[in-house]
Amino acid sequence: MLAIVTDAFGGRGGIAQYNRDFLETLAETGGVSSITVLPRQAPDLFVLPERVEQTPARPGWIGYSVAALRTALLRPVDLVFCGHLYMAPLAALIKRLKGAKLIVQTHGIEAWPRPSRSQRAALEAADLVLCVSRHTRSAVLSWAAIAPELVLVVPDTVREAFTPGDGSTQRSALALEGKRVLLTVGRMDPRERYKGHDRVILAISNLVAKGHDICYLVVGEGADRIRLEALARDAGVSERVRFLGRVGLQTLVEIYRTADLFVMPSTGEGFGVAFLEAMASGTPVLGLGVAGARDALADGELGITASEAEFPATIACLLDEPKPDPHALAAAARARFGRETFAIGVRAALDRLMEAT
Amino acid sequence: MTSEDGRFVVIFNGEIYNYPQLRAELETDGVRFRTTSDTEALLHLYARHGADMVHRLRGMFAFAIWDQARRGLFLARDPYGIKPLYTANDGWTFRFASQVKALVAGGHISRDPEPAGIVGFHLFGSVPEPFTLYRDIRALPAGHIQWVDTAGPREPKPFSNLADVLAKGSANPGPTAEIHERVRAGVLDSVRAHLLADVEVGIFLSAGVDSGALLGCMRDAGQREIRAITLAFEEFRGTSEDEAPLAACVCEHYGAHHIVRRLSEQEFVEDLPAILEAMDQPSIDGVNAWFVSKAAKEAGLKVVISGLGGDELLGGYPSFLDLPRWHRRFGLLAAVPGIGFLARKLIAAVAPTFSRVTPKALGVLEYSGSWAGTYLLRRGLFLPHELPGVMDAEIACEGLRRLKPLRRLAANLTPDPISENARVCVLESAQYMRNQLLRDADWAGMAHSLEIRVPLVDFTLLRALAPVIPAFTPGAGKAALANAPTVPLPDEIVTRAKTGFNVPTGDWMNAAIGRGSDAVGRAPEAKGLISRRWSRAVLNGMAPANAQEQLHAS
């Protein structure tokens, strides 16, 4: 199998994570004999699972396309996995040249508006389209003329590292004793601005007025941070908002455990894997129940949903109660979105593809 | 109903007419029945034969069987698509029901519009399956099965094909001399099968050949007491357009009890809101089906026989003449690339009035190059090139791309049924009859708790007639049907039926939508133009709310 991806092993962010989870699961289940991954980026160190090789990253689009075509022509390819809609035309070309089957993976906002004609045609040529959420699937079906049975939802999964437990190191390092801790984890992209940090920052002064000693932790990097810092200053809550930047995995796990409530009033999540990470770490989550986030929150069965108008009051309401049992929530989240469930979904999708031959 | 061991659970809409034979076979094999219902037979058949069971069924059916052991759902729909079955899948949850409305009412389903369904309705006057007005709701196509498991629904698989049956028939033609005997034996057998019931079976009787012959066959099949319902129009009383006297003559001929139900324009107007309410998906017809079903309900009937399907099976429509003729006359010329488009533009520029009054004439050169195109030309309410002018241009464009009307029509003709009659038979059966007539009969009947049975829409009968269908000369099929009963239909019925009957509902529709003053008149094209307006009025009442503004932006 050939994997045409923006990034996977050694990559950062949700899409790279999804690609790793997907490819590792494929390699483990043995549905494919070997996987060659062609990334455009791989900034971090990585370890490859068995049966997986990854070519050096090629950030330039032309260089990447040439390398991908050459790799495809030089070896047998039965299956092409395309990790991003933008790359689907290239993947569809390889499918045609090699007579291979094509899986196109769709995530979030990239697949919501109607794409270019060539991307649409490439997706319609796919033998299987995977979507991370019902919302993304519905969006794809709104612009693609493709049999709906070929478009499956395989949701994100949460890594084993996220578990409930001791967060005291971070609690004391960040001097959080006695405080109620709100947390958001996600990129702060000035072009996207959909994660909803603004909404949380603007809710803080009211929460403080109601007697909650709030500290809002913001994890993640991005150029929008400057604007958000200014927003916190203007709202007079800058001492209560801490921008922690990008943190390592172990620190991240502990921060999740430390938080009383994970909040991400986002309107643009393809899925929102951070919700899963928080729940798997035993921390309750609150979102708007919009777009892909509905799936991560399991329609309110695992997470809490509120409308935009109710959002500040819902935070207050949740903070009035002590943090619920982290182990029960973590177990429920893992049962639904753990690696085993994910593997069953991936295997079923692959079986479907193979059976169609 | 659940199987004895609890493994299978079935939910079933329809009738299995060969239930007695199936039950006898199963019992010979040692199966013990717990009930006297045909539903139970489905459970035993599925347990023994799996998906292949569908080949054993004769009847109208839509059912789902849950297999607890395999944790999957098996769905099936009859070959002609007499019974409806709709599904919705959001990627997490699979839902199914007999009506689109039921799925919508159940909630949790997006009401986003399906451009292909809206465009299809404008082209055909009914929404062509598998599409509906809603993007997330689809029909399981006629003659298909579907399996649903943890990975979601699989693509529906066909288990029967009209074109295939007719192609085989055309390949092994029966002698012309056999036409009458085959029609007689086939129709009588089908009527006999369709009379299997625990309650009285009545009949919808018009002054046409189809229902009259079926009445005669009911008598031949041994039913002594028969009540026949005729819908007649108040304003035709005493004129030659009134079907009631001729229907009465047929009743007397066969010794049936006749019930004439007179319909006035006032009642039509009064019932219109209820009709639109009961209509599951928009349809430009169904009004007659509604009132005749209403009459049957008033008479206390629960089951009736209908002559629906006779025109498709026995070459009764003018399209059996027109399609081959148009295709022969213009097809070669139309095959020149681009000629149709150019001609249309030229005529529209030179003679704008002509193109407004007879919009379809402009399409002749564009569509008559293929059988599918000729059919669209003959049956289409609007032609594809007109759509951007009557609805939101973007939806029209997207809908045509998703619907692919010509390719979809042409797919019905695979494998090629060889003869001209058989081609038209397939196109009419798979398009007009399936998406319009049968669907209208279903919602109109169900709204009156009435089961409408259609012996002329029967796969066993089709197989029996397939070898002689190519040999039908104009009128021969109907003549054979008129002769099917031991006591043939009176000649006056056969002669009169050839000229056809008018129904005033077209005028009523026109009046009801408030365009009566538009002086559409009774010109030959007027009927088509009324249908066009009516279609928009119906859609107005039914389209998904968020689609309406876009639809009528034009």
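Remember, it's a predicted structure, so these values are computed and weren't measured experimentally.

1. Looking at the overall build of chain B
Each helix and strand in chain B was counted, giving 26 helices and 14 strands. Seen through its principal axes, chain B has C-alpha atoms that stretch 75 × 60 × 50 Å. Within chain B, contacts between residues separated by at least 24 positions form 73% of all contacts whose residues are at least 6 apart in sequence.

2. Observations regarding the domain arrangement of chain A
Residue and element names in this part refer to chain A. Partitioning chain A into domains gives domain 1 (2–157 + 338–355) and domain 2 (168–337). Look at where the C-alpha atoms of domain 1 and domain 2 centre, and you get two points 30 Å apart. Contact residues are listed per partner, giving 16 residues for domain 1 and 15 residues for domain 2. Among the elements of the structure, α1 (14–29) and α5 (134–143) are those that each provide at least two residues to the side of domain 1 that touches domain 2. In terms of residue count, α5 provides more of the side of domain 1 that touches domain 2 than any other element does, three residues in total.

3. Some points on the packing of helix α5 (residues 162–171) of chain B against helix α20 (residues 420–446) of chain B
Residues and elements named next belong to chain B. Two elements in contact, α5 and α20, have axes separated by 10 Å at closest approach and are oriented at 165 degrees. With respect to their mutual orientation, α5 and α20 come out roughly antiparallel. Crossing of α5 over α20 shows right-handed handedness. Across the interface between the two elements, Leu 162, Ala 163, Leu 166 and Ser 170 of α5 pack against Ala 422, Cys 425, Val 426, Ser 429 and Ala 430 of α20. A class-by-class count of the residues in the contact of α5 with α20 yields seven nonpolar, two polar and no charged.

4. Here we look at the interface of chain B and chain A
Each partner contributes residues to the interface: chain B has 16 residues there, and chain A has 15 residues. Mapped onto the side of chain B that touches chain A, the elements with two or more residues apiece are β8 (152–153) and α18 (393–403) of chain B. Looking at side-chain class alone, the side of chain B that touches chain A contains three nonpolar, five polar and eight charged residues.

5. Section: the UniProt feature "binding site: ATP" (unreviewed entry) in chain B
Residue and element names in this part refer to chain B. The feature "binding site: ATP" (unreviewed entry), as given by UniProt, occupies Ser 306 and Gly 307 in the numbering adopted here. The topology assignment puts Ser 306 in the loop between β13 (303–305) and α11 (310–313). For Ser 306, a count of 28 C-beta atoms within 10 Å gives the class buried. Leaving out residues up to four positions away in the same chain, Ser 306 has contacts with Phe 204, Ala 441, Ile 452, Arg 453 and Val 454.

6. Some words on the environment of B:Pro384
All names here are of chain B. With respect to the secondary-structure elements, Pro 384 resides in the loop between α16 (371–379) and α17 (387–390). With 22 C-beta atoms packed within 10 Å, Pro 384 lands in the buried category. Along the backbone, Pro 384 and Leu 406 are 22 residues apart, and their C-alpha atoms lie at a distance of 9.8 Å. Look past the residues within four positions of Pro 384 in its chain and what remains in contact with it is Leu 123, Leu 400 and Pro 405.

7. Remarks on the nonpolar core
In this structure, B:Leu166, B:Ile203, B:Leu215 and B:Val304 are the most contacted members of the largest nonpolar core, which totals 160 residues. Ranked by residues supplied to this core, first place goes to α20(B) with 13 residues. Counting residues in hydrophobic clusters, the runner-up holds 111 residues, among them A:Leu38, A:Val219, A:Val253 and A:Ala349.

8. Some points on the UniProt feature "binding site: L-glutamine" (unreviewed entry) in chain B
All names here are of chain B. When the UniProt feature table is mapped to this numbering, "binding site: L-glutamine" (unreviewed entry) covers Asp 38. Here Asp 38 shows up in helix α2 (residues 38–49). Those residues in contact with Asp 38 that sit more than four places away from it in its chain are Glu 15, Ile 16 and Tyr 19.

9. Some remarks on the domain arrangement of chain B
It is common to give the size of an interface as the accessible area that goes away when the parts come together. All names here are of chain B. Examined at the domain level, chain B breaks down into domain 1 (8–158), domain 2 (173–316 + 430–499) and domain 3 (319–420). Taking the mean C-alpha position of each, domain 1 and domain 3 sit 33 Å from one another. With 10 residues of domain 1 at the contact, the number on the domain 3 side is 17 residues. Per-class residue counts for the side of domain 1 that touches domain 3 are seven nonpolar, three polar and no charged.

10. What about the sheet that holds strand β4 (residues 86–89) of chain B?
The strands making up a sheet associate through hydrogen bonds between their backbones, and the pairing can be parallel or antiparallel. Residues and elements named next belong to chain B. Pairing within the open sheet is antiparallel, and its three strands lie in the order β5-β4-β6. Lying at the two open borders of the sheet, with one neighbouring strand each, are β5 (94–97) and β6 (137–139). For this sheet, the mean angle separating the axes of adjacent strands, direction not counted, is 25 degrees. Bridging between β4 and β6 involves three bridges; their strand directions are antiparallel. Each residue of the ladder has a partner; that of Tyr 86, found in β6, is Ala 139.

What counts and what doesn't
- Residues numbered from 1 in each chain as written.
- Chains lettered and ligands numbered in written order.
- Predicted model: local features only at pLDDT ≥ 70, side-chain atom pairs only at ≥ 80, totals over all residues.
- Helix = DSSP H or I, 4+ residues; strand = E, 2+ residues; numbered from the N terminus.
- Contact = placed C-beta atoms within 7 Å.
- Domains from an automatic or database assignment.
- Axes fitted to C-alpha atoms, helices over the stretch in contact; angles between N-to-C directions.
- Parallel < 35°, antiparallel > 145°, perpendicular 65-115°, else oblique.
- Left-handed = near helix turned anticlockwise from the far one by under 90°.
- Nonpolar A, V, L, I, M, F, W, Y, C, P; charged D, E, K, R; others polar.
- UniProt positions renumbered as here; feature names shortened; annotations may be inferred.
- Buried ≥ 20, exposed ≤ 12 C-beta atoms within 10 Å, placed from the backbone.
- Core = buried A, V, L, I, M, F, W, Y, C linked by C-beta atoms within 7 Å.
- Pairing = 2+ DSSP bridges.

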